[in-house]
Amino acid sequence: VAYEESISPAVVTKETTIGLDYKSDGLYVSSEGDTCGMPHYFRQSADKLAKAQRKDFLQKKSTEIANQYSFVCVEDLNMKAMANRGFGNGKATLDNGYGMFLTMLDYKLRDRGGQLIKVGRFFPSSQLCSHCGFKNPLVKNLSIRHWDCPNCGTTGIDRDVNAAKNIKKEGIRLLTA
């Protein structure tokens, strides 16, 4: 006898949705302002134990988010290209397992009636003020970690949290369009 459970789709609201911005020296920064660090297993050890620990960490983090949110909005990033770029963070990008994390999040969200939403990789998430929508082209410079909006006057905008907030907004827009 086959048992099938029907999963009712979740409702898109600001409370059931979170934005995550990839963080090469961690795992992600959320639209709620939370930073998820990542133990640097690659640097500590290249053996099987490190891989098992990393997968366990990613399983726990993805389950935690999927239990709390129905919709997770992320940038559609090319991780291989990022690891190969000359930013000097290739090992960090390969070490944090972000792609595997997103795969885990995707199936866990779908199992719960939710969805992983990928925002286009050319969406200017870090350049837009999450308060007023002003596009600041100066923030293309990756060394700028905090900035002030010349349009609405918001000060001390954290680049990563701001990007995650904009990813969340764009994800909700895509979901409700």
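Look up a bit, the structure's there.
None of the values given here were measured: they were computed from a predicted structure.

Trainee: How should the overall build of the chain be read in this particular structure?
Mentor: The helix and strand inventory of the chain stands at six helices and seven strands. In the chain, the succession of α and β elements from N to C terminus is β-β-β-α-α-β-α-α-α-β-β-β-α. Across the 177 residues in the chain, those meeting the buried criterion constitute 45%. Put simply, 65% of the contacts in the chain that link residues at least 6 apart link residues at least 24 apart. Only carbon and sulfur atoms are counted for the fraction: they give 52% of the accessible area of the chain, which is about 10100 Å².

Trainee: Quick question: what am I supposed to make of the nonpolar core here?
Mentor: Looking at soluble globular proteins, one finds that nonpolar side chains tend to be buried together. By size, the foremost hydrophobic cluster in this structure holds 21 residues, and its most contacted members are L20, I65, V72, Y98, F101 and L105. Taken together, the elements giving at least two residues each to this core come down to β1 (17–22), α2 (48–68), β4 (71–75) and α5 (98–111). Of all the elements, α5 adds the most residues to this core, at six residues. The residues touching I65, leaving out its near neighbours within four places in the chain, are I18, L20, Y28, V72, F101 and L105.

Trainee: So what exactly am I meant to see when it comes to the sheet that holds β1 here?
Mentor: In sheet architecture, strand pairing relies on hydrogen bonds along the backbone and comes in two forms, parallel and antiparallel. Strand order in the open sheet formed by five strands is β3-β2-β1-β4-β5, with mixed pairing between adjacent strands. Among the strands making up the open sheet, the edge pair consists of β3 (35–36) and β5 (115–119). Pairing of β4 with β5, which is carried by five bridges, proceeds in the parallel orientation. When the bridges of β5 are listed, C73 appears paired with I117.

Rules behind the numbers
Residues numbered from 1 in each chain as written. Predicted model: local features only at pLDDT ≥ 70, side-chain atom pairs only at ≥ 80, totals over all residues. Heavy atoms only, no water. Helix = DSSP H or I, 4+ residues; strand = E, 2+ residues; numbered from the N terminus. Buried < 20%, exposed > 50% of the residue type's maximum accessible area, 1.4 Å probe, protein only. Contact = heavy atoms within 4.5 Å. Areas by Shrake-Rupley, 256 points an atom, 1.4 Å probe, with all protein chains shown as cover. Core = buried A, V, L, I, M, F, W, Y, C linked by side-chain atoms within 4.5 Å. Pairing = 2+ DSSP bridges.

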